[in-house]
Amino acid sequence: MTFHDLFASKQKNSGSNQNLWPVLKAITEASVQVSDDLNRAALLDNFLGAQGGKNVQGEEQQKLDVIADVAFINAFKNCGAVTGIGSEENEDFLAFDTEKSNNAPYVVLFDPLDGSSNIDVNVSVGTIFSIYERTSALGSPACLKDMLQPGNKQVAAGYVLYGTSTMLVISWGAGVQGLTLDPSSNEFTLSHPDMKMPEKGRLYSMNEGNIKVCESGIADYISYCQSDDNDYNGPYSGRYIGSLVADFHRSLIKGGIYIYPDVPSAPKGRLRLLYECNPLAYIAEHAGGLATTGRKRILDIEPEALHERAPFFIGSKNMVEKAMSFLS
Ligand code: AHM
Ligand code: MG
């Protein structure tokens, strides 16, 4: 079943978000282009390596970060249903501010290419996106308030994983659907209907280089995972790709936990609330999983800034609850 047919069949029953399709179509079009760029990057001039600039968070931008950012911005601008966007790669949000876009109902927050330190080494990366209805009046340009909504207001969210195949995992409130890109037709086709995250698992995912500098409860939880004295009576397996989308996708399918706590080099956590934590938290919860800061639900945080960060514990419900029980 194609993405369009899937969306149409689910909408028939719910009737909500009727105008969402152009936004979802824009995501598929840009991600097909990015997928193609990633596949051929090493063969093309000027696709691999650093761009030579830093983004607003002081991180080195890769050429493909910028190429992906432009692809998604253009797709959203042209789709007619998005009034403005916020992106990891741009300091300020962008109001498209045309007559048509000022009357468009949605804003999108996104990380165009997550895990970009993995591009040059041919390891999976992803795009993460979050869609909201605007709060400002139709007829006006998008404003910052449209962007700073809590995750519990998302109307759709998801990610594209550029892995051994390219997959779109998405929810618009009707379960979590996984679609695989068929390269022969460039169509996303339903491959993983109604995805559910196992309630528990035996895989943990964390940059363990940070274990000695984060709060002691985290080291205690990781020791629990590694001990004979846990719910499996033997060590879990550690798995860390360093691409959030890929690490999360594994947990979604097999069961597991991903942790990025606050650390001295990132005192509020490394991951960005609006376009990394919220969309994945939305997917996790719709699949039966859990996402918290270690202390509170991610989706209930009232954001204050476009690029704000949060500590992130996400994955199988029982595992996240267990990890949280180690924090004082
Ligand atoms: P990015 O958006 O600049 O790629 O940063 C986010 C990435 C995540 O994909 C990944 O989980 C994390 O940063 C890795 O951080 P670290 O290298 O500190 O383990
Ligand atoms: Mg990112």
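Coordinates for the structure precede this section.
Being a predicted model, the structure only gives us computed values, none of them experimental. (Residues numbered from 1 in each chain as written. Chains lettered and ligands numbered in written order. Predicted model: local features only at pLDDT ≥ 70, side-chain atom pairs only at ≥ 80, totals over all residues. Heavy atoms only, no water.)

A. Here's a closer look at the coordination of the magnesium ion (ligand 2). For the magnesium ion (ligand 2), the full set of protein donor atoms is E88 (OE), D111 (OD), D114 (OD) and E276 (OE), and the range of their distances to it is 1.8 to 2.7 Å. Expressed as a motif, the donor residue spacing for the magnesium ion (ligand 2) is E-x22-D-x2-D-x161-E. Of this pair, E88 sits in the loop between β3 (82-87) and β4 (94-95) while D114 sits in strand β5 (residues 106-114), placing them 26 residues apart in sequence. You can call D114 buried: its relative accessible area is 7%. (Donors = N, O, S within 2.8 Å, 3.2 Å for Na, K, Ca; no water. Helix = DSSP H or I, 4+ residues; strand = E, 2+ residues; numbered from the N terminus. Buried < 20%, exposed > 50% of the residue type's maximum accessible area, 1.4 Å probe, protein only.)

B. Quick peek at the environment of G256. Along the chain, G256 falls in the loop between α7 (244-254) and β13 (257-260). Taking the relative accessible area as the measure of exposure, G256 reaches 0% and is therefore buried. Sequence separation of G256 and P198 is 58 residues, and the distance between their C-alpha atoms is 8.1 Å. Once residues within four sequence positions are removed from consideration, G256 is found in contact with G201, L203, S251, I314, G315, S316 and M319. (Contact = heavy atoms within 4.5 Å.)

C. Spatial organisation of the packing of helix α2 (residues 21-40) against helix α3 (residues 63-79). Remark: α2 packs on α3, axes separated minimally by 9 Å, with the N-to-C direction vectors making an angle of 155°. Here α2 is positioned roughly antiparallel relative to α3, judged by the angle of their axes. In this structure, α2 meets α3 at a crossing whose hand is right-handed. In this structure, α2 contributes P22, V23, A26, I27, A30, S31, Q33, V34, D37 and L38 to the contact, and α3 contributes L64, I67, A68, A71, F72, A75, F76 and C79. Class assignment for the residues of the contact of α2 with α3 results in 15 nonpolar, two polar and one charged. (Axes fitted to C-alpha atoms, helices over the stretch in contact; angles between N-to-C directions. Parallel < 35°, antiparallel > 145°, perpendicular 65-115°, else oblique. Left-handed = near helix turned anticlockwise from the far one by under 90°. Nonpolar A, V, L, I, M, F, W, Y, C, P; charged D, E, K, R; others polar.)

D. Broad picture of the sheet that holds β5. Spatial strand order, β4-β3-β5-β6-β7-β8-β9-β10: eight strands in an open sheet with mixed pairing. Where the open sheet ends on each side, the last strands, each with one partner, are β4 and β10 (187-192). For β5 and strand β6 (residues 125-133), the ladder comprises seven bridges, and the chain directions are antiparallel. Of the residues in β6, the one forming a bridge with Y106 is E133. Across the sheet, α2 lies against β3, β5, β6, β7 (156-162), β8 (166-171), β9 (177-182) and β10, angled at about 15° from β7, the strand it touches most. Contacting β5, β6, β7, β8 and β10, α7 crosses the sheet at an angle of about 105° to β7. (Pairing = 2+ DSSP bridges.)

E. Here's a closer look at the site of ligand 1. Near ligand 1, the surroundings consist of 17 residues, among which D114, G115, Y240, Y258 and Y260 are the closest. Taking G115, its main chain carries an N or O atom lying 2.7 Å from an oxygen atom of ligand 1. The separation between an oxygen atom of ligand 1 and a polar main-chain atom of L244 is 2.7 Å. When ligand 1 is considered free in solution it has 470 Å² of accessible area, and contact with the protein chains removes 85% of it. Elements supplying a minimum of two residues to the shell around ligand 1: β5, β13 and β14 (271-272). Split by residue class, the shell around ligand 1 holds five nonpolar, five polar and seven charged. Of the domains in this structure, domain 1 (3-192) and domain 2 (203-325) are the two that each give at least three residues to the shell around ligand 1. (Near = heavy atom within 4 Å. Polar contact = N/O pair within 3.5 Å; in protein donor to acceptor, adjacent residues only side chain to side chain. Areas by Shrake-Rupley, 256 points an atom, 1.4 Å probe, with all protein chains shown as cover. Domains from an automatic or database assignment.)

F. Inspection of a nonpolar patch on the surface at higher detail. Side chains of V121, V123 and I241 sit close together on the surface and give an oily, nonpolar patch of about 220 Å² of accessible area. Relative to the elements of secondary structure, V121 occurs in the loop between β5 and β6. (Patch = residues over 30% accessible without salt bridge, like charges linked within 9 Å, V, L, I, M, F, W, Y side chains within 5 Å. Salt bridge = Lys/Arg side-chain N within 4 Å of Asp/Glu carboxyl O.)

G. Spatial organisation of the nonpolar core. Of all hydrophobic cores here, the largest spans 49 residues; its most connected members are Y159, Y221, F248, L252, I298 and F312. The element that contributes the greatest number of residues to this core is helix α8 (residues 273-286), accounting for six residues. Sequence-distant contacts of I298, defined by excluding residues within four places in its chain, comprise L273, C277, N278, A281, A291, T292, T293, A310, P311 and F312. The next biggest cluster of nonpolar side chains, apart from the first, holds 45 residues, and it includes A71, I85, Y106 and L113. (Core = buried A, V, L, I, M, F, W, Y, C linked by side-chain atoms within 4.5 Å.)

H. Just the packing of α7 against α8, in detail. It is the contact of α7 with α8, at a shortest axis distance of 12 Å, that shows an interaxial angle of 15°. In this view, α7 runs roughly parallel relative to α8, as classed from their interaxial angle. The two elements α7 and α8 cross, and the hand of that crossing is right-handed. Between α7, through L244, F248 and L252, and α8, the contact on the second element is made entirely by E276, L280, I283 and A284. Of the residues that constitute the contact of α7 with α8, the class distribution is six nonpolar, no polar and one charged.

I. How the structure looks around the packing of aromatic side chains. Following the criterion strictly, the structure yields 14 aromatic pairs and no others. Taking 6.2 Å as the distance between ring centres and 40° as the angle between the ring planes, the aromatic pair formed by F72 and F76 counts as tilted. Within this pair, F72 and its partner F76 are both found in helix α3, separated by four residues, close to a single helical turn. What makes F76 buried here is its relative accessible area of 0%. An angle of 85° between the planes, with centres 5.8 Å apart, marks the rings of Y232 and Y236 as edge-to-face. Through successive ring pairs, a cluster of aromatic residues spans Y221, Y224, Y232, Y236 and F326. Over the ring of Y232 we find K200, and its NZ or CZ is 4.6 Å from the ring centre. (Phe/Tyr/Trp six-rings, centres within 6.5 Å; stacked < 30°, edge-to-face > 60°. Lys NZ or Arg CZ within 6 Å of the ring centre and 35° of its normal.)

Without other data, these values stay purely geometric and don't point to any function.
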